[in-house]
Amino acid sequence: MSEPLRIGVLGAARISASSLIGPARVTGHRVVAVAARDRSRAEAYAAEHGVERVAGSYAELVADPEVEVVYNPLANGLHGPWNLAALAAGKHVLSEKPSASNAEEAAEVREAAGKAGTVFMEAFHYLFHPVTRRLHEILASGEIGELRHVEALVAIPAPPDTDPRWSLPLAGGAVMDLGCYSLHALRVLAPWAGGAPRLVSARGGERAGAPGVDEWLDADLAFPGGATGSARCHMAYDRLEMSCRITGSRGEVFAPNFVLPHTDDRVVVRTPSGERTERLGTRSSYTYQLESFAARVRGGAELPLDAEDAVETMTLIDSAYRAAGFEPRPRMSS
């Protein structure tokens, strides 16, 4: 194996245990530092998760010469500012999605990544798992015919009212947390659809007590080749559902949970000749992601995601917000 990555983590977010720290342990990479707003919280986190040491602040972590990769799982509104700071410090960046609060800020991140010459990637981990790769293989093989329609639904029961995902200043909302997956899953079908989809219309509902924050949003899209798409998200649903159904002229392929495929690794194929279920393995999509990111940093391997892809996703998110009667998320005021 090549030299382990030396990773610094911004914040003591719960998600990091499964999205980065566990995968780093499995793949042999080092988590050398963590920083949090509250040092004692960072110290407890480092002790619990075996992080080598604590940095005094986010700025100290980003400036640390031993940290070569910055992982940014902060609240959405802090993605843009700290991605920019990490890139300005010459670090590689693995940013939780979305990469910024809006398309204008995402474009600044893209420029900063170009200037830094380092690897920048938005953590759409689902793309690296065999479940999503298999969906694309089956579509490419022609087994279900020409692409006709795709529907992605990403929905969860409501987080508490105090959760930052309900905060407009922190760039919260259902599309930012969940719908970015639905929209991205449609965008990556461009090779089999005559090109990238365009937004046709969108509808959404506001969270009670959180003006300007979307509780749910449904977007309708159209591909140049004639196929249609539905990208839906809901952050106060009656259950967790993260499904993707791709319908072709001769059948369909369905993934019950494409976002967290390690919890349900099924791909169901239905054609006139019958139905079959394939199981693609319960190894974490985050582990596949970290391996791919490391292969890019260490060996220059190709990645399906970069700062340009992040801008295109964010542009579609902003368009969906406007079409549904919301404003794009504001940038964090400094």
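Along each chain, the written sequence defines residue order, and numbers are assigned to residues from 1. Restriction of local features to residues with pLDDT of at least 70 applies here, the model being predicted, together with a cutoff of 80 or more for giving and counting side-chain atom pairs; totals for whole chains, interfaces and linings are based on all residues. Heavy atoms from the whole structure form the basis of all side-chain values; hydrogens and water molecules are not counted.

*Asks:* Even after reading the chapter, I still don't get helix 4 (residues 79–88), so can you show me in this structure?
*Replies:* Because an α-helix completes one turn every 3.6 residues, residues spaced three or four positions apart along the sequence face the same direction. If you check which residues of helix 4 are buried, you get His79, Gly80, Trp82, Asn83, Ala86 and Leu87. Where helix 4 is buried, its residues touch strand 1 (6–10), helix 3 (58–63), strand 4 (69–72), strand 5 (92–95), helix 5 (103–116) and strand 6 (120–122). Put simply, DSSP marks the helices as runs of H or I at least four residues long and the strands as runs of E at least two long, and each gets a number from the N terminus on. Among the residues trailing helix 4, glycine 90 stands out with phi positive, at a value near 80 degrees. For every residue, the accessible area (1.4 Å probe, protein chains only) is compared with the maximum for its type, and the residue is labelled buried under 20%, exposed over 50%, or partly exposed between those bounds. The contact definition used throughout considers only heavy atoms, calling two residues in contact when any of these lie within 4.5 Å.

*Asks:* Is there a simple way to explain the environment of glycine 145 in this structure?
*Replies:* Following the sequence through the fold, glycine 145 ends up in the loop between helix 6 (130–141) and strand 7 (147–155). As a C-alpha pair, glycine 145 and glycine 274 span 129 residues in sequence and 15 Å in three-dimensional space. Sequence-distant contacts of glycine 145, that is, excluding residues within four places in its chain, are made with Leu139, Ser249 and Arg250.

*Asks:* How should the sheet that holds strand 11 (residues 241–248) be read in this particular structure?
*Replies:* Note: strands within a sheet are paired through backbone hydrogen bonds, in either parallel or antiparallel orientation. Read from one edge of the open sheet, 8 strands run 8-9-10-7-11-12-13-14, paired in mixed fashion. The open sheet is flanked by strand 8 (198–206) and strand 14 (274–279), the only strands paired with a single partner. Recorded for the sheet is a direction-independent mean angle of 10 degrees between the axes of neighbouring strands. The pairing criterion for strands is at least two bridges between them, as found by DSSP. Relative to strand 9 (residues 214–222), strand 8 runs antiparallel, the two being bridged by 8 bridges. Bridge assignment links glutamate 206 to a residue of strand 9, and that residue is aspartate 214. To define axes, lines are fitted to C-alpha atoms, for helices over the stretch in contact only, and angles between the resulting N-to-C directions are given on a 0 to 180 degree scale. Of the strands in this sheet, strand 7, strand 9 and strand 10 (228–234) are in contact with helix 7 (residues 174–187), which crosses strand 10 at around 160 degrees.

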